[in-house]
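Structural description and commentary
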Amino acid sequence: MTRAPGPSVRLRLTLSYAGVVVLTGALLLAVVWVFLLRYVPDAVLVTGGGPGRGPGLFVPNRSDLERAFVPRAAAALAFLLLVGLAGGWFLAGRVLAPLTRITEATRTAATGSLSHRIALPGRSDEFRELADAFDGMLARLEAHVAEQRRFAANASHELRTPLAITQTLLDVARQDPGRDPDVLVERLHEVNTRAIELTEALLLLSRADHRPPDRERVDLSLLVEEAAETLLPLAESLGVQVHTAGEVASACGSPALLLQLTANLVQNAVVHNVPGGCVWISTTARPGAVVLTVENTGEELAPELGATLTEPFQRGGRRVRTGHAGVGLGLAIVERVTAAHDGALTLTPRAGGGLRVTVRLPAAD
């Protein structure tokens, strides 16, 4: 945005400070005039004189006092003006020094360097609060940019895999004209389906970062029932039992995103399980919040691994891709949807194997 040049803040503060000083001096001189000089008579006064007592004592009148007072008052105001300008310029520079550092840090960040921090020393005041808030914003922005770069690299790698497989299949088919075309078509269909699923998951992940514009009252217990019913054939094919329980838990948000969140959690719990394992899903209503909990049996997970499972394309333990393992964005989508609904996501490895996922959302009014 182009702006016309104007006086600096330091100059305006200096003029304001000098104006206050001069105005204060003028008010003091006015008090002297109002409460002292105006009561002195303007006639010539001689006291103590008379026959046999000498010439008497001369008393200056108001005109005499004005001639002596006004030039010195004007000189005092001029001196106060100079002191106000010099002192105001110095004090304004000291006061605005933190703002100068903040401006320099902003320009540095505008060039793409997000590692710079202002780190103003001293006790808390308005400028230091602004500097701390700016440092916090830079830290979050730096982490977000790093996450986006890491995500872009991972996404590029994941998208390149099905393309490379497709290229290999086509090369093999071209070198082997006698290869069964039905097998080739089936393999290409599987690879293409996975690429489509990955692309749709990436699009959903990008939409999940935004707060839902139209929020509705959503009962999480109904979403749990719908997700469990939809994924029941998958659970039966893997020999996993799904148990649902809980009470009415009404949150406020997007029904589509919250259903996706619930379905992702249930699918992860079913797929990343052991044969004959179990999945427990429950909803709870608490004062001011609703809680969705999904637990499953499975392989033992290290405690420090729980914090990394929400990163895109991360899989815990020795998880490998299977026909139902998804694209590695399930929990990443859950985390983004939870954050978009002002909620909190907690992942805790269970003793003996498996994972407990807790989603806490604000309750609907």
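These notes cover the structure that comes with them. Note that the coordinates shown come from a computational prediction; the quantities given were computed from them, not determined experimentally.

**So, the side chain of H341**
Residue position: H341 is located in the loop between helix 7 (330-340) and strand 8 (344-349). Its relative accessible area of 1% is what places H341 among the buried residues. Within polar-contact distance, the side chain of H341 engages the backbone oxygen of V337 at 2.8 Å.

**Digging into a nonpolar patch on the surface**
A contiguous nonpolar patch, built from L11, L15, L81, L85 and W89 and spanning about 420 Å² of accessible area, is present on the exposed surface. Put simply, the parts of the chain that give the nonpolar patch at least two residues each are helix 1 (9-35) and helix 2 (62-110). Ranked by residue count, the leading element in the nonpolar patch is helix 2, at three residues.

**Topic: the environment of A245**
Position of A245 relative to the elements: it lies in strand 4 (residues 241-246). A relative accessible area of 51% means that A245 is categorised as exposed. With 37 residues separating them along the chain, A245 and S282 place their C-alpha atoms 4.8 Å apart. What A245 contacts, discounting residues up to four positions off in sequence, is I281, S282 and T283.

**Quick look at the nonpolar core**
Ranked by internal contacts, the top residues of the largest apolar core, which has 36 residues, are L220, L265 and L292. One finds I102, A105, A109 and L114 within the second-largest nonpolar core, a separate group that totals nine residues.

**Looking at the pattern of salt bridges**
Across all of its chains, the model carries four salt bridges by this definition. Its salt-bridge partner being R117, residue E142 comes within 2.8 Å of it at the nearest N-O pair. With E142 in helix 3 (residues 126-175) and R117 in the loop between helix 2 and helix 3, this pair connects stretches of sequence that are 25 residues apart. Taken together, the shared-partner salt bridges connect E295, R350 and R356 into one network.

**Quick word on the sheet that holds strand 6 (residues 278-286)**
Taken in spatial order, the five strands line up as 4-6-7-9-8 in an open sheet, and their pairing is mixed. Lying at the two open borders of the sheet, with one neighbouring strand each, are strand 4 and strand 8. Geometrically, the sheet is characterised by an average inter-axis angle of 15° between neighbouring strands, direction not taken into account. Relative to strand 7 (residues 289-296), strand 6 is paired through eight bridges, and the arrangement is antiparallel. Residue pairing across strands places W280 opposite E295, the latter belonging to strand 7. Running at roughly 25° to strand 7, helix 6 (residues 255-271) makes contact with strand 4, strand 6, strand 7 and strand 9 (355-362) of the sheet.

**Here we look at empty space enclosed by the protein**
Unoccupied space between atoms shows up once a probe the size of one water molecule is rolled over them. Evaluation of the coordinates by the stated rule reveals one cavity of 30 Å³ or more. Its volume calculated, the largest cavity comes out at about 100 Å³. Together, 11 residues line the largest cavity, and N268, A269, N296, L355 and V357 are the ones closest to its centre. For the lining of the largest cavity, the secondary structure elements donating two or more residues are helix 6, strand 7 and strand 9. Split into classes, the residues belonging to the lining of the largest cavity amount to six nonpolar, three polar and two charged.

Rules of the game
For every chain, the first residue of its written sequence is number 1, and the numbers climb from 1 along that sequence. This being a predicted model, a pLDDT of at least 70 is required before a residue's local features are given, and a value of 80 or more before pairs of side-chain atoms are given or counted; all residues contribute to the totals for chains, interfaces and linings. The side-chain values count all of the structure's non-hydrogen atoms but skip hydrogen atoms and water molecules. Strands here are runs of E lasting at least two residues and helices are runs of H or I lasting at least four, both read from the DSSP assignment and numbered beginning at the N terminus. Here's how the labels work: a residue is buried when its accessible area is under 20% of the maximum for its type, exposed when over 50%, partly exposed in between, all with a 1.4 Å probe on protein chains only. Polar contact is defined as a pair of N or O atoms within 3.5 Å, subject to the rule that within protein one atom must be able to donate a hydrogen and the other to accept it, and that residues adjacent in sequence are counted only when both atoms are side-chain atoms. By definition, no residue in a patch forms a salt bridge, and every one has over 30% relative accessible area; like charges are joined within 9 Å, nonpolar side chains (Val, Leu, Ile, Met, Phe, Trp, Tyr) within 5 Å. Throughout, the Shrake-Rupley method with a 1.4 Å probe supplies accessible areas, and for residues the shown protein chains are the sole cover considered. In what follows, salt bridge is the name for a side-chain nitrogen of Lys or Arg lying within 4 Å of a carboxyl oxygen of Asp or Glu. Only heavy atoms enter the contact rule, under which two residues are in contact if any of them lie within 4.5 Å. Joining through side-chain atoms within 4.5 Å is the link that ties buried Ala, Val, Leu, Ile, Met, Phe, Trp, Tyr and Cys residues into a set, and such a set is a nonpolar core. Strands are treated as partners if at least two bridges between them are detected by DSSP. Helix axes are fitted to C-alpha atoms over the stretch in contact, other axes to C-alpha atoms as well, and angles between N-to-C directions run from 0 to 180 degrees. A pocket, in this scheme, is an open set of points on a 1 Å grid over the protein atoms alone with protein on both sides within 12 Å along at least 5 of 7 lines, while a cavity is a set where a 1.4 Å probe fits but cannot get out; residues line either one if an atom lies within 4 Å of a point. Grid points are joined across faces, edges and corners, and a volume is the space filled by probe spheres set on the points. Three classes are used, and their members are as follows: Ala, Val, Leu, Ile, Met, Phe, Trp, Tyr, Cys and Pro are nonpolar, Asp, Glu, Lys and Arg are charged, and the others, Gly among them, are polar.

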